Structures are given as C-alpha cells and as structure tokens.
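Understanding the architecture of this molecule
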There are 2 protein chains.
Amino acid sequence: MSGDVRMRGFGRRTSVAEAQALIAQRLRPLGVERVPFRQALGRILAEELLAEQNVPAHPRSAMDGYAVRAQDLPGKLRVIGQILAAQTFEGRLGDHQAVRIMTGGKIPEGADAVVMVEEAKVEGDEVHFSRPAELRQHILETGCDLTRGAVVLSRGRRIRPQDLSLLATIGALEVPVQKRPVVRIVPSGTELIPPGRRPTGTEIVESNSFLLEALVRRDGGRPELHPIIGDSPEVLRQALSAPGADLVVVTGGSSVGQEDFAPVIARELGELPIHGIQVKPASPTGIGFTPHSALLLAPGYPVATFVAWDLFGRPMLERLGGAPSRWPYRRQTAVLSEALKKPADRVDIVRVLLEPDPSGGPARARPIPGGASLLSTVTRADGFVLFEAGAEVLPAGTKVEVDLYEP
Amino acid sequence: MSGDVRMRGFGRRTSVAEAQALIAQRLRPLGVERVPFRQALGRILAEELLAEQNVPAHPRSAMDGYAVRAQDLPGKLRVIGQILAAQTFEGRLGDHQAVRIMTGGKIPEGADAVVMVEEAKVEGDEVHFSRPAELRQHILETGCDLTRGAVVLSRGRRIRPQDLSLLATIGALEVPVQKRPVVRIVPSGTELIPPGRRPTGTEIVESNSFLLEALVRRDGGRPELHPIIGDSPEVLRQALSAPGADLVVVTGGSSVGQEDFAPVIARELGELPIHGIQVKPASPTGIGFTPHSALLLAPGYPVATFVAWDLFGRPMLERLGGAPSRWPYRRQTAVLSEALKKPADRVDIVRVLLEPDPSGGPARARPIPGGASLLSTVTRADGFVLFEAGAEVLPAGTKVEVDLYEP
C-alpha cells in the first residue's frame, strides 16, 4: 500500500444514549428574539405570557335570547329593548322586564340570567317563558376566559394555531421566542456532482444536502446549503470554521478511510468527543464542537445521514433552539413478519413495509432488505422499527411500534 | 319586537358524515403546477415519477475494503492498485490479485466480491485473507437502488424529506404537484376590532382569522386575510363573490340571528346546501358553493371556528388541493375521568386535560368545563376526544383516543 493511505480505526464506539446525553449536556439555547405574532406558529415561547386584562371585560351573553331577572321566571315579561352584538343597553332592567340580546352582547344592568330564544314565546311587546331560569345561566362572567394577571401561555411552549388567537386577544403583537439555529449543510465527496447532470464514470449525484435541508426545516432550524466540497481539506476546514452557523453538518467523509478528512479537521479546529456510535446505519457518525458551532459529521450514505440527523442532529438543533424534544414521527402498532437480530448494545433502525393483516389484526411490519447505501429503502418504506439497545432478538410475531415516515 | 328583527330557524341539521360526503362529492382538485424540487416538501405529487437511469449505473463497492475474485479466498493476494471514490481502475483483475477500493468505488473488471478492510491483513504489497468470500458480496449491483423505467414515487404522494434526495438523484429538478388552494379568510362581526388596541365597551378583539391562517398553512393551503367586515352586507357580498379565492371562510354571522347575513348572501350568490350540522361546538356551520369558490360559514366563537375548520374546512381544502386526507393530530390512549353524554346523532368535540395516572396506567382524560365561547378551553387543553355519532354515553373509565393539540 502506498504511504498516503492512512487507515485509522474507530476507538470505542459510543452508545446512542451516551451521545444524546452529551448533546444535552454540552449545548445551550442561543437566545431570544421577538417576532410578529402571526409568524410565531411552531416557535418556542421564551417567556411566560400573562393576560393584562380580563376577557371578557364584562359579563356577556353566551346565547341569542333574552336578558332577564331569574326570579321573574316562569312568567310574562315586557321587552324594553334589544342589544345587538356591538351595542349596549343604557337603561336598567326592572321587575318583569326583558331585553332581547344577541350572542356576545353585554348583559344590561339589573339582569342576572339569559334565556335562549328557543324558549321564548313572543306576544306583541311581551315575551312568555314557561320554564324557570337559573341565576347567571348563559352568562359569560368577567374574566371567565382569561383572568387578569394569570399565566396564559407557559415558557417553552411550542406555539399552536389556537395560541395565535390568544396572542391577538391579549394584544401580544410581538412575542419573545427562542432563536432558530442556522444549520450549515456541507456535502463532501470527490465523486459528487450537483443534480441536473447525468453522472458519468464514477460520479454520483449529491442528494444528501436536500434531505438535510428538508429535515432541518421540519425540525425548526434555518438550513443553509454549502457547495459540494471535493478533495480539498482546506475548503472543508473553511466550511467547518467560518462563523455564521450554529450547527455544521458534514455529510460524507466522516469515517476512518483515507479520504475522510472531516474527523481530522474537526479535531484540529476544536474537539470531536464522539466518533463512532453503536447504531446501524450511521455508525461512523461524529459529534464535535468548535469555537463557533456544534458539528455533526454524518456518513455519506443517504439512509445513514437520515438516521444520524434524527438521532443526533435533531437533538442538537432542539437544544440550540431551546425546544422541548419532539420525536418527528407518528407511531402505529404492528407485528413483525420476521425475526430481527443485532448486538445487544447497538440501536438498529430497521426500515419496514406495512402490510395489512388479512384477518383484520394489526398490520404486519416487513423489513426491507438492503443496506444504508440504498436510498430506495427509505423512499419505499412506510416507516421503521427503532430496535432499542438492550435486546438482541425480536422474534417474528413481536408487537412493535412502527415510526411512520408519512408526514 | 321591531320589524327588522328576522329570526330564522335552522332546517334539518345535517350529520357530520353527510356533510363530509357532500364535500367529497362536490369538490375537485384545482390542477397541476411545476415547482423546483427543493420547494416540493409536503406538496402532493401529481404524476408518477419513473427512474430514467439505473442507480447505481454500474456495480459499486458497499464497503471500504478490497475488490477480489471470490474463488481466490482464503489466500494471499497481490494488491495491484487502489480506487478512491471518484476514480476508476483501468486494468483488469487477474488471478490472485486484489484492488484496494473505497466505499462507492466502481468494481474493477474481473472482480466479483468485496472484502471488508477489517478482514484484510496487509503484508507489504500483498494482502492476506483468512476467510472465504461469497460471490458478489458487498457489491451494489447496477440498478439495485433505482431500476431504469420503474415507478419511484406514486401519484398522490405527500412528498417526504427523503423524496427530495430521490428527486435530486433522478434529476427531477422540477416536479408536477397539485396546486395549493387559496383560502380567503373573512372575519365578520360589528363588535370586532383588530388586535393591538384595548377593546372598550362591547368591542371584542378579532382573533379567529389568525387561528384560521395558521390552520390553513398547517393543512397546505395559501391563506389570505380579508379585513374585518362590520355591518355592511354589501361588503360581505363582495368578499364572498370576488374571484381569486378557491375557498372562502367567513367566521361569525353564520347563524340564524338577525345580524347573520352570511347565509342569506351565500344563497343569493350560489347555494348553501348545508346550514346547521349535528356537531358541538360548531353546529351553525354552513357549506356552500358560488361560481368562483367553495364557501365555509364558520361560527364566530373561536372554538367553534376551530372545529368547523378541522371537520369541514380541512376536507374542503384537501379535496381542492388533490391531497389524500390527513388527520392533523397524533393520538394517545387515555381513560375518561368522568362520563360523557350527548344525543346519539351528534358528534361532540370534548376538550380534555391529560393527567398522569398515579399507578402508571394510561393517562386520565379530564373534560374541561366551559363552552365554545371560551378560547382558553383550547389553549389550556392537551387535546380532545372526538365523541362519534352513534353513541349517547361514554361511561367514566372508558378507554378513549385523545387527539393531541401539541404540534
């Protein structure tokens, strides 16, 4: 073998749990920014929000009907006015009087109940109710929705559609949210060409960066695509060390082969406490830190890059973004069609097809043959079984939770 | 009562299932457009996509190791060259020869197996293997990932992150996808003011439009917010009839009260085959059609608008967008803390808090008191129980699926 061929072995491979614990320990939220509330969907609230006013600000009718004194019912009342939604009734309700009121209307002085319009029988200027009314019925009391001074949204909450209504209601036109990390995506490999040209010879179309771009978006980060890095360690060094990114993800060149510069450069620029993880696929994954950013060295195979992102890149992004952990997949119970085996201390991501059970039971999860090199194993799959560390065998027929790829 | 008070009752209320069946029957996809593949995440593929070339285009190594002839192993082979990822080996492998090869390297002529580097013992220009090799082992055959002419993504698929890698790989830089419907959101109500000013008197801050904007985005539509419509039927008529929207959603004024113009105008402009649905909240919902667009008349209470969107607006959007139906919530099994009752033919959306079970069983689902008028019932809730038509009672302790609001 010629002298430039440097074969380096992995040291001890780290467990998935250890790698995730290191991520939680070493990374901290970037900080807080304020955004217009209409752009806050899915963002992480950085402070608790209080209601500054009572909602409603005064008692309102919950129904279309009549504002009455409960003690007058059953009986015949005189209708002395009406209240449309944006109107008030200036007078005060006296004995045996009623005011026609629309949903949301302000309860007039003197009234202490609302009767639904369906229960009213109108006779000229009078209205007859045959049933009694309960005190305060169909009245929305002051502050019953939001009470002045109460916490209405907690710190750390991922903002939901209904929260936007709440923010509008309390007048929080700008909201403090965690900053979204910038993720620089660096495709690396001498054989790679950009998409759009048919590959010749040994060329391979670079595609991992587009997968990662979508995954970063899905998980709340701001992706930035770096051009393909070929055979220049200097360009790779630049991509890893330039400021402006909170997390740098290199795909390809992460292993211990002779063209795998990324781990060497990562150690030059900072540290690479993890290189080699007990997971399949994605075992050559590296996790490191430079003065400017966190580093994820992801293997070049698309399936391995995908797994490295879900298990390690996503938690790194979430920590930097101050976000509670969110597993991106829905789950469905299924039954294994065949046994799965692996070493006890490894985590396996087993891509599966879901096949309906002819007798109407849970679907069958059928593993897809083919390694991490085959992108089609994740585009054909319905999902995957996360075969946890600790076990070596899952017999055929085992009930498993399948993580569904369907978005 | 004065003459301008027009009280109209609902006719027969439609069942939720009937309303959803009408939506499926009456609405059709808008059509197809082409978008750059990097913008296609979550879009609905409008045509099936084929692989135009084999991937890989020639046999490649799946491992870092040595390309060999299987019949020569076990034994000592002479290393006659090396292949980095972007290189080819021009010679042909003879008897008892090996070529050092990196992952992804093109298998040289004459070789029929790859042996992992971990199994090789290098001795000068020779390499020794102590174990036999299987024919074709660790070789990715031509077309094993994507086969020329095969369908790689089906029509109607919601495009996933991994599909972007696939699109890049097959050179599909533009993809045909279903057009996304434009949804005009029309807040209606004389009592409404825009957010940012503290309401006085009977005013209420308009907030439904921001909820709907987020829900339309979540479900793949293009929201457009219309200014608040006060007491002018003419402005409402204009908002319902102006071209440019595929679906118009009016919130507020959808009922049968005297200020509820929307149903009247909808009938003038087109038809309103559904007005009043057996669902709580959101029973005053209307579904209609004008020459330009579909119409959803949603009740003014935010919780009711939310339910009307999830059960009816979302399916309308999905039909117009050519999208397979997608329930927007993950589910979790829980146990009811108290009994639920309703009329058999109604569907109830019961907002609940999830409380951990002290003995480690499934969480308890505790219904939140308060009607559709209280926005806080959906911002405080962890999710809801969809209490289906057909049943009248769910006893305390019933196992239910809770739809989780957490995004």
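Residues numbered from 1 in each chain as written. Chains lettered and ligands numbered in written order. Predicted model: local features only at pLDDT ≥ 70, side-chain atom pairs only at ≥ 80, totals over all residues.

1. Side note on the overall build of chain A
Across its full length, chain A carries seven helices and 28 strands. The C-alpha atoms of chain A give 31 Å as radius of gyration, which overshoots the globular expectation for 407 residues (22 Å, by more than 25%). Out of the 407 residues belonging to chain A, those deemed buried represent 50%. Long-range pairs, those at least 24 residues apart, make up 71% of the contacts in chain A with a sequence separation of at least 6. (Helix = DSSP H or I, 4+ residues; strand = E, 2+ residues; numbered from the N terminus. Rg over C-alpha atoms; globule rule 2.2 N^0.38 Å. Buried ≥ 20, exposed ≤ 12 C-beta atoms within 10 Å, placed from the backbone. Contact = placed C-beta atoms within 7 Å.)

2. Structural notes on the interface of chain B and chain A
The interface of chain B with chain A comprises 74 residues on the first partner and 74 residues on the second. Among the elements of the structure, β5 (75-83), α2 (161-169), β15 (204-205), α3 (208-218), α6 (302-320) and α7 (376-380) of chain B are those that each provide at least two residues to the side of chain B that touches chain A.

3. Re the relation of the copies chain B and chain A
For these two chains of identical sequence, chain B goes onto chain A by a turn of 180 degrees and a shift of 0.0 Å along the axis, with RMSD 0.1 Å. The superposition of one copy onto the other is thereby described by a two-fold rotation axis. Across chain B, the rotation axis passes nearest the C-alpha of B:R330, at a separation of 3.2 Å. Looking at chain B, 99% of its interface residues are interface residues in chain A too, so the copies touch through the same face. (Least-squares fit on C-alpha atoms with pLDDT ≥ 70 in both.)

4. Here's the deal with the pairing of strand β13 (residues 182-187) of chain A
Residue and element names in this part refer to chain A. By the criterion of burial, β13 is predominantly enclosed, with five of the six residues buried. Bridge count between β13 and strand β16 (residues 222-225): four bridges; the pairing is parallel. Paired with V182 across the bridge in β16 is R222. Summarising the sheet, β13 and strand β17 (residues 247-251) pair through five bridges and their orientation is parallel. From the neighbouring strand, R184 faces β17, where its bridge partner is V248. (Pairing = 2+ DSSP bridges.)

5. Side note on the packing of α3(B) against α6(B)
All names here are of chain B. Running from N to C, α3 and α6 cross one another at 30 degrees; their axes reach a closest spacing of 10 Å. As far as their axial angle goes, α6 and α3 are roughly parallel. Like other packed secondary-structure pairs, α3 and α6 cross with a definite hand, here right-handed. Across the interface between the two elements, N208, L211, L212, L215 and V216 from α3 touch P302, T305, F306, W309 and L317 from α6. Counted by class, the contact of α3 with α6 contains eight nonpolar, two polar and no charged residues. (Axes fitted to C-alpha atoms, helices over the stretch in contact; angles between N-to-C directions. Parallel < 35°, antiparallel > 145°, perpendicular 65-115°, else oblique. Left-handed = near helix turned anticlockwise from the far one by under 90°. Nonpolar A, V, L, I, M, F, W, Y, C, P; charged D, E, K, R; others polar.)

6. So, the environment of B:G75
Residue and element names in this part refer to chain B. As for its placement among the helices and strands, G75 is situated in strand β5. Considering only alpha carbons, one finds G75 and L394, 319 residues apart in sequence, at a separation of 73 Å. Filtering out sequence-adjacent residues up to four positions away, G75 remains in contact with H96 and F129.

7. Section: the sheet that holds strand β13 (residues 182-187) of chain B
Residues and elements named next belong to chain B. Pairing within the open sheet is mixed, and its six strands lie in the order β16-β13-β17-β21-β20-β18. Each edge of the open sheet is held by one strand with a lone partner, namely β16 (222-225) and β18 (271-275). Taking each pair of neighbouring strands and ignoring which way they run, the sheet shows an average axis angle of 20 degrees. Across four bridges, the pairing between strand β20 (residues 286-289) and strand β21 (residues 294-298) is antiparallel. Opposite G288, over in β21, you have L295 as the bridge partner.

8. With respect to the confidence of the model for chain A
Residues and elements named next belong to chain A. Predicted confidence across chain A gives a mean pLDDT of 93, with 95% of residues reaching 70 or more. Note on residues 1-8: pLDDT is under 50 here. Beyond four places in sequence and across chains, it has ten contacts. Two summary scores accompany this predicted model of the complex, namely pTM at 0.92 and ipTM at 0.91. (pLDDT = per-residue confidence, 0-100.)

9. Considering unusual backbone geometry
Residues and elements named next belong to chain B. Cis geometry marks the peptide bond from L73 to P74; its omega dihedral reads -5 degrees. With respect to the secondary-structure elements, P74 resides in the loop between β4 (65-68) and β5. K280 connects to P281 through a cis peptide bond whose omega is -5 degrees. Inspection of the secondary structure assignment puts P281 in the loop between β19 (279-280) and β20. For A282, which is not glycine, the phi dihedral falls at a positive 95 degrees. With respect to the element layout, A282 can be found in the loop between β19 and β20.

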